[in-house]
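Observations on the three-dimensional arrangement
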Amino acid sequence: MNTKQSKLMFFFLALIFTALSEAAAKVEYCSTAAIDKVPGCYDSLKLAAENDYRWLRKDCCKVVYSFPHHCLLPVMNRRHKDINFFKKICVNVHGPI
């Protein structure tokens, strides 16, 4: 590999790395402020992420539906779920809200 090829390869690797970094930086996390205002809601969402829907109440689902965009909600041990995951669970448990 000559010098010109090496520079070109370095340029493309830097370009790919920059694009991946920007994509990763655009990940948005959900604010839990509204969820925390409903007693037991955050805990019930964490349980719902593990397929336990017993404690998921309709008032909690109303808060979940108040998120107008995609964001990630931290649930357990550095795991995050898209808020739409919880919206689908709420529809299945309580019907359309």
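Computed from a predicted model, the values in this text were never measured in an experiment.

Grouped together as the largest cluster of nonpolar side chains are 21 residues, with contacts concentrated most on Ile35, Leu45, Leu56, Phe67, Leu73, Ile83 and Phe86. For this core, the elements supplying multiple residues, two or more each, are α3 (41-49), α4 (58-65), β1 (72-76) and α5 (83-94). Beyond its immediate stretch of four places on either side in the chain, Leu45 contacts Ile35, Leu56, Cys60, Val64, Leu73 and Phe86.

With that settled, consider the pattern of salt bridges. What the rule picks out here adds up to 3 salt bridges. One salt bridge in this structure joins Arg79 and Glu50, with 2.7 Å as the shortest N-O distance. Of the two residues, Arg79 sits in strand β2 (residues 79-82) while Glu50 sits in the loop between α3 and α4, which places them 29 residues apart along the sequence. According to the relative accessible area criterion, Arg79 is partly exposed, its value standing at 36%.

Attention now moves to α4. Since one α-helical turn is 3.6 residues long, residues separated by three or four positions face the same way. Listing the buried residues of α4 in full gives Cys60, Cys61, Val63 and Val64. The buried side chains of α4 occupy one side of the element, clustering within an arc of 155° when seen end-on. Where α4 is buried, its residues contact α2 (33-36), α3 and α5.

A pair of packed helices is captured by two measures, namely the crossing angle of their axes and the spacing between those axes. Where α4 contacts α5, the two axes come as close as 9 Å, and the packing angle between them is 145°. Where α4 crosses over α5, the two elements pack in a sense that is left-handed. Contact residues: α4 offers Lys58, Cys61, Val64 and Tyr65, while α5 offers Ile83, Phe86, Lys87, Cys90, Val91 and His94.

A few words now on the state of the cysteines. What we call a disulfide is simply a covalent bond connecting the sulfur atoms of a pair of cysteines. Throughout the structure, instances matching the rule amount to 3 disulfides. Across the disulfide, Cys30 is cross-linked to Cys71 (sulfur-sulfur distance 2.0 Å). Measuring the twist about the S-S bond at about 95°, one finds the Cys30-Cys71 disulfide to be right-handed. Placement of the pair is Cys30 in the loop between α1 (3-25) and α2 and Cys71 in the loop between α4 and β1, with a sequence separation of 41 residues. In this pair, the class of Cys30 matches that of Cys71, namely buried.

About the cut-offs
Residues numbered from 1 in each chain as written. Predicted model: local features only at pLDDT ≥ 70, side-chain atom pairs only at ≥ 80, totals over all residues. Heavy atoms only, no water. Core = buried A, V, L, I, M, F, W, Y, C linked by side-chain atoms within 4.5 Å. Buried < 20%, exposed > 50% of the residue type's maximum accessible area, 1.4 Å probe, protein only. Helix = DSSP H or I, 4+ residues; strand = E, 2+ residues; numbered from the N terminus. Contact = heavy atoms within 4.5 Å. Salt bridge = Lys/Arg side-chain N within 4 Å of Asp/Glu carboxyl O. Arc of directions from axis to C-beta. Axes fitted to C-alpha atoms, helices over the stretch in contact; angles between N-to-C directions. Left-handed = near helix turned anticlockwise from the far one by under 90°. Disulfide = S-S within 2.5 Å.

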